[in-house]
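# Coordinate inspection notes
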Amino acid sequence: MRVGLTVWDTRISPVADTATELLVAQCDGTTWTTERRVPLGGEGHGRMAGKIAGLELDVLVCGAVSRRFGAALEQSGVRVLPWVTGDWQDVLEALVSGQLTPDRFVMAGCGRRRRGGGPRDGRQSGPGRGRRNGAGQGRGRGGGQ
Amino acid sequence: MASRDPKKSAHASPESPYDPILDSIAEGVFTVDSDWRIQSFNRAAERITKTPRGEAIGRPCWEVFRASICESACALRETMASGERIVDRQAYIVNADGDRVPIGLSTALLRDEDGAIIGGVETFRDLSVEEELRRELAGRIRFGDMISKNHLVQEIFALVPDIAESGSTVLIRGDSGTGKELLARAIHEQSPRSDGPLIVVNCGALPDTLLESELFGHLAGAFTDATRDKPGRFELANGGTIFLDEIGDVSPALQSRLLRVLQDGSYEPLGAVETRHSDARVICATNRDLDAMVESGDFRRDLYYRINVVTLELPPLRERREDIPALVKHFIEKFNRLREKTVTGVSPRVMDILMRHDYPGNIRELENIIEHAFVTCRSGVIRARHLPTALLPGGGSGSDKAPTLEELERDFLFALMERVEWDRAAAAHELGIHRTTLWRRLKRLGIEAPAREGEHD
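Residues numbered from 1 in each chain as written. Chains lettered and ligands numbered in written order. Predicted model: local features only at pLDDT ≥ 70, side-chain atom pairs only at ≥ 80, totals over all residues. Heavy atoms only, no water.

### Quick word on the sheet that holds strand S8 (residues 170–174) of chain B
All names here are of chain B. Strands sit in the order S9-S12-S15-S8-S16 across an open sheet of five strands; the sheet is parallel. The sheet terminates laterally at strand S9 (198–202) and strand S16 (310–314), the two strands that pair on one side only. With direction set aside, neighbouring strand axes in the sheet form an average angle of 20°. Sheet topology places S8 next to S16; five bridges connect them, and they run parallel. Its bridge partner lying in S16, Gly 174 is registered against Leu 314. Relative to the sheet, helix H8 (residues 151–166) contacts S8, strand S15 (281–286) and S16, its axis offset from that of S16 by approximately 150°. (Pairing = 2+ DSSP bridges. Helix = DSSP H or I, 4+ residues; strand = E, 2+ residues; numbered from the N terminus. Axes fitted to C-alpha atoms, helices over the stretch in contact; angles between N-to-C directions. Contact = heavy atoms within 4.5 Å.)

Below you can see the structure in the form of structure tokens.
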């Protein structure tokens, strides 16, 4: 599964609309490896959504996302798992181990949105359980391009 | 900076002795410790961010505040670094419902008894209502570049935001010159694709073979003159909107190709083997009766159903005459800018002529009439003699007729009233007559202040 995460330093970017970097990671069953980093920003919703759609992600993990940007992502066919917060490595870890549940890594006040799932809310496709591949090349922040 | 124990911060009590004071403030207020963890969060902050205080306390501020500037230009971080307060910086937050809320925010430092910095305070006010009012005032009769107070057009204006957001294919019907392209542009500009391109194609202006190449592009060698690859309009519209004007003029052969790209976005440029994909929102327009064309077999039924998802119908100008004064004013302002002239308005007689005309060419025709008048009228008021002769009663015989004294007086007073913005006291003062005398003259000559933007019908 190819996962995109909007990141800010070591954490998930608080607002997807204004995120400046997207990290692409490959999650294969029990492991994850980072693949590349894509700069974002300086573009509006439509272009940004088109750019993200072009990365052919299975899911985009991000923080807060406005209805407008959510609609642009939806129109571009991007599945979104919004309202996520925390260190992006921990988030990936939770994702591959099936621990990224609606009540964990969720932004303050946004639990009901994750649980309820609006039209923009992506569903987490089963990444499988297990442990991170300790030998995975490009793992962590250093692996980005 | 003095630092609090983050673990202690994370477990801070949701209730603080300062809460009643903070809760009495209409602006959102939160304080953070030196680790950016929220220590207090008032009721207004709860309301604006749609986040309960209990969930906010102890969390890093960016997880709760979710502002557009958190990542790149945090005002509180700036204040912490410089010690300087920031007042009323504009930004927006994304509340827990996903709404973008415009805010004005201010920051200050928090110090202990010894003057050491222990954190910061951020106050913010919700600017949604102000922004909404500003938009409403500006947009009451204007929408994008469209101007109308007609109830049918107002209904369309009201629908546009939802239609723009939906991403659905839109069919705009209306006679030539009714503003179909302006409406398409307004939809595009309100849509999440507004930063992408709006590509306009007039399907009726090109022969079939050229149109196919124009829409889908071609590769070098696809035909005799194709010396290099050329991207099609669908490719250029990627991430934006493609506006297919005069869709009813497309040939049956091309209709089937259009159907495919409308169904799944796929197409092949001329001479290409590989299928390409376009992520373009489609807006179509026509002045033809597509229902009748479907019945007669001239337009594919499946294509018709594909484009007829959301239909908007623009009425002709003769059915929305109430818009003529505002449109005239708009075009005068436009041509004053373009031609560097100082035309102030039209005389009552000209307005009367313009209001009675039938406008087979709709708004475009009205624009042409004003443009024509600008050729001979450099400043002051547009009079009947400045209009195209065909527009005048008797086919133009009146154009050379000298105006009567009463007409001259009417034109003069109208221009004066326009200049003083219908302030009767100012006009009377300028003329050196009493206000009552002026009022009587205006009444006798039938001069009334034209309806202005923002006034109701």
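### Some remarks on the sheet that holds strand S2 (residues 38–41) of chain B
Residues and elements named next belong to chain B. A sheet is described by the order of its strands in space; here five strands give the open sequence S2-S1-S5-S4-S3, paired in antiparallel fashion. Looking along the sheet, the strands with just one partner apiece sit at the ends: S2 and strand S3 (86–94). For this sheet the average axis-to-axis angle between neighbouring strands, irrespective of direction, equals 30°. Examined bridge by bridge, strand S1 (residues 28–33) and S2 share three bridges and lie antiparallel to one another. When the bridges of S2 are listed, Val 32 appears paired with Ile 38. Sheet contacts for helix H6 (residues 75–82): S1, S3, strand S4 (100–111) and strand S5 (117–126); angle to S4, the most-contacted strand, approximately 20°.

### Quick notes on the confidence of the model for chain A
Residues and elements named next belong to chain A. Scored by pLDDT, chain A comes out at a mean of 78, with 76% of its residues at no less than 70. Within chain A, helix H4 (residues 111–116) has the poorest average pLDDT of any element, 62, and strand S2 (residues 11–12) the best, 96. Confidence drops under a pLDDT of 50 for residues 117–145, and excluding neighbours within four residues, the segment shows 81 contacts in the predicted structure. (pLDDT = per-residue confidence, 0-100.)

### Digging into the confidence of the model for chain B
Residue and element names in this part refer to chain B. When pLDDT is averaged along chain B, the result is 85; 90% of the residues meet or exceed 70. Contacts for the low-pLDDT stretch residues 396–400, under 50 throughout, to residues beyond four places or in other chains number six contacts. In this model residues 452–457 is a low-confidence stretch, pLDDT under 50, and it forms nine contacts with partners more than four residues away in sequence or in other chains.

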